[in-house]
Structure formats: C-alpha cells, structure tokens
Amino acid sequence: MGIFSRTRDIVAANFADLLDKAEDPAKMIRMIILEMEETLVEVRASAARTIADQKEMRRHIAKLDQLQANWTEKAELALSKDREDLAKAALMERQKAADMAEQLKAEVQVLDDGLRASEEDIAKLQGRLREARNKQSTIQTRLESANNRYRLRDAYAGPKTQEAFSRFGELERRADEAEGRAEAMGLGVSKSLEDEIAELRQSDRVDADLAALKARLNKSEG
C-alpha cells in the first residue's frame, strides 16, 4: 500500500513530519517522489481521457445540430406541400435531436468542470513534487557531508590511523635503540693519535680566533 491514498493526501502531506518519523529519510523521500510521480501520471491520463470524451461529444453535438437543421428543412418542405402531419413529425424528430444535443452539452460542461479540477490537481502535484525533490537534494547533500566528516575523522582519529602512529612509535624506538648501541660502542675507547692531533689543531684555531677578537677590541678602545 502506498504512502498516500489520493491526490488530496499528497497536497496536504507534511513532508517534514513524515521524514522525521522515518527510520531511513532518504528511502522515504524516494518513495514519496515515486508515488507522487505515479499519481501525476494517473491524473494526466485521466485528464487526457476527459479531453478525448469532450471531443467526441462535441462531434456528436455538431452532428445533432446538423440533424436539427435537416429536420427543419424537411418540416418546411412538408408544410409547403400541405402535409402538416409530416411537418409535425419532422419537428418532433428535430426536438429529439435538440434534446440529445442539450444532454450532451450538459455532460460536456460536467467534463469541463472535472478538467479544470484536474488542471488544479496537476499544478498542485507538480508543486509538491518540486518541493519533495528539493528536500531529496537537501537530504542527499546532508548525507554526503556527514559521510565526508566521518571519513575525515576516521582519517585522523580512526583505529587505522592510531595503529599507523603506533607503528611509527615502534620504529622511532628502534631507531633510538640503534643509535644508543652505536654511541655505546664508543664509550671507554681511547683516542687515536690522529684524533688527539685534530683536537690540538681545533684548539689552536679557537685560540687564534680569540686573540684576533681581543686585538680588535683593544684597538677600538684605544
């Protein structure tokens, strides 16, 4: 069974309330749109049948009008020949055609009223359908935004990210241990002759830089 039972239900429907109560708003709005589209097709099909019926009735009315003219002509001919009985019979047939034409015209008027109601229903349905599609677009946008936020949060705070950073910590710890082992290898090892001479040269350069600096300061003071 559909969400709506007739066009009036669709026009009076509170979409916001329906969506708030739905477990799956996206699915609910799709169902609403589908049922509205189907109803719109049915209303248009009914209007098309009404228009076709009107056309057929108007053709019959035109034929009956022509028939009335023919019976009038025959009545006039009969009177011209002093056949009042035939003239009266012809006028009776003309009246029958006139009565049928009036009945069809009344039915056409009823169909006109129904067609105007159908036009109003179609306009209302199209308006509600646009509203429903706008809500569908809004819901889709919200769902995409929520999914994007979830993916971003999962990227920087999810279990996979935490696991990756945990592995980075393990690698850093292994690097620290490797560097510690390398430094430990140098503890207690005596310096070579070349190392001591290099230290002396470094000390001479520092002494020379210090002497030059003192000389500049003394010169500026003098």
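Residues numbered from 1 in each chain as written. Predicted model: local features only at pLDDT ≥ 70, side-chain atom pairs only at ≥ 80, totals over all residues. Heavy atoms only, no water.

> Can you walk me through the confidence of the model for the chain in this structure?
Across the chain, the average pLDDT comes to 81, with 80% of residues at or above 70. When mean pLDDT is compared element by element in the chain, helix α3 (residues 25–80) scores highest at 91, while helix α5 (residues 159–186) scores lowest at 67. (pLDDT = per-residue confidence, 0-100. Helix = DSSP H or I, 4+ residues; strand = E, 2+ residues; numbered from the N terminus.)

> It is not clear to me how the nonpolar core should be interpreted in this structure. Could you clarify?
Most often, soluble globular proteins keep nonpolar side chains buried together rather than apart. Membership of the largest hydrophobic core comes to 18 residues, with the highest contact counts inside it found for F15, I29, I32, M36 and A132. Elements supplying a minimum of two residues to this core: α2 (15–21), α3 and α4 (84–157). I61, L104, V108 and L111 belong to the second largest nonpolar core, which has eight residues in total. (Core = buried A, V, L, I, M, F, W, Y, C linked by side-chain atoms within 4.5 Å. Buried < 20%, exposed > 50% of the residue type's maximum accessible area, 1.4 Å probe, protein only.)

> I tried to follow α3 on my own but got confused; where do I start?
Working note: α-helix, 3.6 residues per turn, so residues spaced by three or four point in the same direction. With 56 residues, α3 should cover 82 Å at 1.5 Å per step; its first-to-last C-alpha distance of 82 Å lies within 8% of that length. Looking one or two places after α3, you find D82, whose phi comes out positive at around 60 degrees. (Expected span 1.5 Å × (residues − 1).)

> Please explain the layout of surface pockets as it appears in this structure.
The rolling of a water-molecule-sized probe over the atoms marks out the regions of remaining empty space. Approximately 200 Å³ is the volume found for the largest pocket. Around the largest pocket sit 10 residues that line it, and L19, P25, A26, I139 and R142 are the ones nearest its centre. Elements with a minimum of two residues in the lining of the largest pocket: α2, α3 and α4. A total of four residues in the lining of the largest pocket trace back to one element, the largest contributor, which is α4. Its residues assigned to classes, the lining of the largest pocket comprises six nonpolar, no polar and four charged. (1 Å grid on protein atoms, 1.4 Å probe; cavity = no way out; pocket = protein on both sides within 12 Å on 5 of 7 lines; lining within 4 Å. Points joined across faces, edges and corners; volume = space filled by probe spheres on them. Nonpolar A, V, L, I, M, F, W, Y, C, P; charged D, E, K, R; others polar.)

> Could you clarify how one ought to interpret a nonpolar patch on the surface in this entry?
A cluster of nonpolar side chains, L210, L213 and L217, forms an exposed patch at the surface whose accessible area comes to about 260 Å². In this structure, L217 sits in helix α6 (residues 193–221). Looking at L217, the relative accessible area reads 46%, which means it is partly exposed. (Patch = residues over 30% accessible without salt bridge, like charges linked within 9 Å, V, L, I, M, F, W, Y side chains within 5 Å. Areas by Shrake-Rupley, 256 points an atom, 1.4 Å probe, with all protein chains shown as cover. Salt bridge = Lys/Arg side-chain N within 4 Å of Asp/Glu carboxyl O.)

> Explanation requested: unusual backbone geometry in the structure shown.
The phi angle of most residues is negative, glycine excepted, and most peptide bonds adopt the trans form. We note that D82 has phi near 60 degrees; this positive angle belongs to a residue other than glycine. Locating D82 in the fold gives a position in the loop between α3 and α4. Under the relative-accessibility criterion, D82 is labelled exposed at 71%.

> Whenever I open this one, the pattern of salt bridges confuses me. Can you help?
Tallied over the entire structure, the rule returns seven salt bridges. The salt bridge involving E93 is made with K96; its shortest N-O contact spans 3.5 Å. With E93 and K96 both in helix α4 and three residues apart, the pair spans about one turn of that helix. Judged by its relative accessible area of 30%, E93 falls in the partly exposed class. With its nearest N and O atoms 2.9 Å apart, the salt bridge here joins E131 to R128. Remark: R128 and E131 occur in helix α4; sequence separation between them is three residues, near one turn of the helix. The partly exposed category is assigned to E131, whose relative accessible area is 32%.

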